[in-house]
Amino acid sequence: MTVKEVYNYIDSFAPFCAQERWDNSGILVENNSTEIKSIMLCLDITKEIAYEAVRKNVSLVISHHPVIFSPLKTLTSGNPAVILSAGGVSAICMHTSFDLAKDGLNDFLAKKLSIGKAADGSIDDETGLGRIIELSEEISAKELAEIIKEKLCCKAVRLNLPETQIKRVGVISGSGAEYYPVAIKKGCDALITGDVKHNQFIDAQNDGFSIIDAGHYYTENIITEYLLEKLRGFADDVFIAESNRDITEIIY
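It should be emphasised that the depicted structure is a prediction, and the values quoted were computed from it without experimental measurement.

Student: What exactly am I supposed to notice about the state of the cysteines here?
Tutor: Formally, a disulfide is one covalent bond, and it connects the sulfur atom of one cysteine to the sulfur atom of another. Applying the stated criterion to the full structure yields zero disulfides. The closest cysteine sulfur to the non-disulfide-bonded cysteine 153 is located on cysteine 154, 7.7 Å from its own sulfur. In this structure cysteine 153 comes out as exposed when scored by relative accessible area, which is 60%.

Spelled out as structure tokens, the structure:
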């Protein structure tokens, strides 16, 4: 099995052509001489991940976030892409192509949360980004945040607490707080996402709307679970990297 064959398989359920114009999804490190015998999964290809792949003689690493995003002006020995290439390891990165795919990351996040029934349509009709969930009964923002924290195994969850109850919830993995006004227009009472800015919390509070920040890592790391199941029948040896972790710490 080749890198291109794995790429084509991923392309069949998360077309790379659908990625945002600013994105860099696809085969970002390629070693054509290597037969794909093992695949390692992760959210980010950090230096730690790259060294683990080389140490374990992995053929291919598949990540969500691109190992090369901004143009590289120099190649240094500590750059993860350089480590992979020097070690004969290929890399496929499926970023916004998977975010926007039908039954992609946002669908899987909504399913993982299992807090209600998925509603038809997306939050952003133009791109197809985000999903909407109808809860079976109204709950408070704090109650919803506690459920999310448990479901996604978050270290912490940040949110604002309007007085309104929540029945209809928007979900955007990664960083999607900018879409909260669109979520309001779609009838949502809250938005689950990550990387929320202070001013976005303030604006949402003034609008009687709750934004629940479950973290960029925790709303997207579930891609490793998804791919583990999706690729198991396609490749013999597929596993999640031991080094795949939230590198941030929270001190209270």
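Student: I tried to follow the packing of aromatic side chains on my own but got confused; where do I start?
Tutor: Given two aromatic rings, their pairing is described by the distance between the two centres and the angle made by the two planes. For the structure on display, the rule yields nine aromatic pairs. Between tyrosine 7 and phenylalanine 16, the ring centres sit 4.4 Å apart and the planes meet at 5°, which makes this aromatic pair stacked. Classification of tyrosine 7 by relative accessible area gives buried; the value is 17%. Owing to a relative accessible area of 4%, phenylalanine 16 belongs among the buried residues under this scheme. A ring pair is formed by phenylalanine 98 and tyrosine 226, whose centres lie 4.9 Å apart and whose planes are at 55°; its orientation type is tilted.

Student: I keep staring at the side chain of serine 210 and nothing clicks. Help me out?
Tutor: Relative to the elements of secondary structure, serine 210 occurs in strand 10 (residues 210-213). The buried category is assigned to serine 210, whose relative accessible area is 0%. In this view, serine 210 contacts Ala141, Leu159, Asn160, Pro162, Ile166, Asp189, Ala190 and Leu191; residues no more than four positions away in its chain are not counted.

Student: What is the right way to read helix 8 (residues 198-206) from this model?
Tutor: Residue pairs spaced three or four apart in an α-helix point in one direction, given the helix's 3.6 residues per turn. Along helix 8, the residues classified as buried are Gln200, Phe201 and Ala204. The buried residues of helix 8 occupy an angular sector of 100° when projected down its axis, which confines them to one face. Away from the buried face of helix 8 by more than 90 degrees, exposed residues His198 and Asn206 are located. Residues of helix 8 that are buried sit in contact with strand 7 (158-159), helix 7 (180-185) and strand 10. Directly beyond the C-terminal end of helix 8, a positive phi value near 70° is found at glycine 208.

Student: When you look at the sheet that holds strand 8 (residues 166-171) in this model, what are you seeing that I'm missing?
Tutor: Hydrogen bonding along the main chain pairs the strands of a sheet, whether they run parallel or antiparallel. With mixed pairing, the six strands of this open sheet are ordered in space as 5-6-8-9-10-7. The open sheet has two free edges, formed respectively by strand 5 (116-118) and strand 7, since each of these has just one partner strand. Direction of pairing for strand 5 relative to strand 6 (residues 131-139): antiparallel, over a ladder of three bridges. Each bridged residue has a counterpart across the sheet, and for alanine 118 the counterpart in strand 6 is isoleucine 133. Along the sheet face, helix 6 (residues 141-152) touches strand 6, strand 7, strand 8, strand 9 (190-193) and strand 10 and points at about 20° away from the line of strand 10.

Reading the values: the criteria
- Residues numbered from 1 in each chain as written.
- Predicted model: local features only at pLDDT ≥ 70, side-chain atom pairs only at ≥ 80, totals over all residues.
- Heavy atoms only, no water.
- Disulfide = S-S within 2.5 Å.
- Buried < 20%, exposed > 50% of the residue type's maximum accessible area, 1.4 Å probe, protein only.
- Phe/Tyr/Trp six-rings, centres within 6.5 Å; stacked < 30°, edge-to-face > 60°.
- Helix = DSSP H or I, 4+ residues; strand = E, 2+ residues; numbered from the N terminus.
- Contact = heavy atoms within 4.5 Å.
- Arc of directions from axis to C-beta.
- Pairing = 2+ DSSP bridges.
- Axes fitted to C-alpha atoms, helices over the stretch in contact; angles between N-to-C directions.

None of the figures reported here should be taken as evidence of function without further support.
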